[in-house]
Amino acid sequence: MVDLVLEVRDARIPLSSAFEPLKGVYSSPSFKRVIVLNKADLADRSQTDEWMSYFEEQNCVCLKVNSHNKNSMEKLLNFIQAHTRRMTVDKLNHTTTVMLVGIPNVGKSAIATNLHQIGRIKAVEKGKLKHAVVSSVPGETKDINSFKIASHPNIYVLDTPGILAPKYLDVEKSSKLALTGVIKDSLLNGYEIAQCFLAILNSGDKYKSWMNLMTFVDKSSARHKESLLNRSDVSKRRKQFPTDHTQDFIVRDVRRALYDSISSFKGNLGSEKDMIRLIKTQFLALHEAFRIPLESGEDGCSRVALKLLNLYRIGRLGHYTLDSVPRVPHGPID
């Protein structure tokens, strides 16, 4: 019933976030599909470019977007309109229907809402905007909703619930889906998922970029403290809330704790036993960075894990792409 399908994937896991239920349909020559790599701002930029090239080699149209960036959404809307005009060149007054599909929490509802808002602002007719429910929690979209995103020709987008087929999941894929928030945290052991992230961080070199940042922040903090001491109007001082782990001074302390622990570690990171030992050390340091008392026990470890995962998921601890580009083409894209 639809003219175009936008399969939304997470740019951090371009292969693991593939939409399995329509896998067989993609082989049909008449099926028009575009892969949309959302959350490109959270992925490694160079690796995203590699994935884009890979999809092009497979003769698959692919776009990278950030659903929360207006310019990115305008480019996506322009692409859809141009694509629609090519498809309907011989059809008068044709109404085009575009369907968004994908697994949970890849940003389908955010894309639908923002396309709709931009489209209605540009359209001749103005009206009350109908927004999709947008949430960081997977499974919020329950029904299929329709949103008008363009006029002349008329284009509607269908926002569909995310579907994840458990029978297709293996341990590695499940870990990647859990790290990116596709699977609800309440269904998982947050401590184990946070361990997965730390293992990735410890095995790479992204943390090294924090060395110069530490020096810069220390100097800035010293100047800031001096200015506060010299300021007579203390009511104008910026409030700091230790319970808000996304504040810059908390993120700085988290980065420092992780950088120091990796830099000073004397073991072999290729050894599973040594990696586990380092991760345990990091969790102790993160308790202090997040201002969570060690005496809080197991509940404290869970709180540290969830705060750490949240910082990773919003890009405050670096941008990571968890899927590697296949080096040898292996037929149609899954």
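Calculation criteria
Residues numbered from 1 in each chain as written. Predicted model: local features only at pLDDT ≥ 70, side-chain atom pairs only at ≥ 80, totals over all residues. Heavy atoms only, no water. Helix = DSSP H or I, 4+ residues; strand = E, 2+ residues; numbered from the N terminus. Buried < 20%, exposed > 50% of the residue type's maximum accessible area, 1.4 Å probe, protein only. Contact = heavy atoms within 4.5 Å. Areas by Shrake-Rupley, 256 points an atom, 1.4 Å probe, with all protein chains shown as cover. Core = buried A, V, L, I, M, F, W, Y, C linked by side-chain atoms within 4.5 Å.

A. Fine view of the overall build of the protein chain. When its secondary structure is counted, the protein chain shows nine helices and six strands. In the protein chain, buried positions account for 46% of the 334 residues. Partitioning the intrachain contacts of the protein chain with sequence separation of at least 6 by distance along the chain shows that 71% fall at a separation of at least 24. Accessible area of the protein chain: about 18,100 Å², with a carbon and sulfur share of 53%.

B. Seen up close, the environment of Ile-250. In this structure, Ile-250 sits in helix H7 (residues 248-263). Once the C-alpha coordinates of Ile-250 and Ala-289 are considered, the two residues, 39 residues apart in sequence, prove to be 6.6 Å apart.

C. Molecular detail of the nonpolar core. Ile-80, Ile-111, Phe-197, Leu-201, Val-254, Phe-290 and Leu-308 are the most contacted members of the largest nonpolar core, which has 67 residues in total. In terms of residues, this core owes the most to one element, H7, which gives eight residues. With residues up to four places along the chain from it excluded, the contact list for Ile-80 reads Leu-6, Val-98, Leu-115, Ile-149 and Ile-155.

D. Expanded view of unusual backbone geometry. Positive phi, close to 55°, is recorded for Asn-59, a residue that is not glycine. The exposure class assigned to Asn-59 is exposed, which follows from its relative accessible area of 75%. Positioned with a positive phi, Arg-291 is a non-glycine residue whose angle comes to about 60°. Within the secondary structure, Arg-291 is located in the loop between helix H8 (272-289) and helix H9 (297-313).

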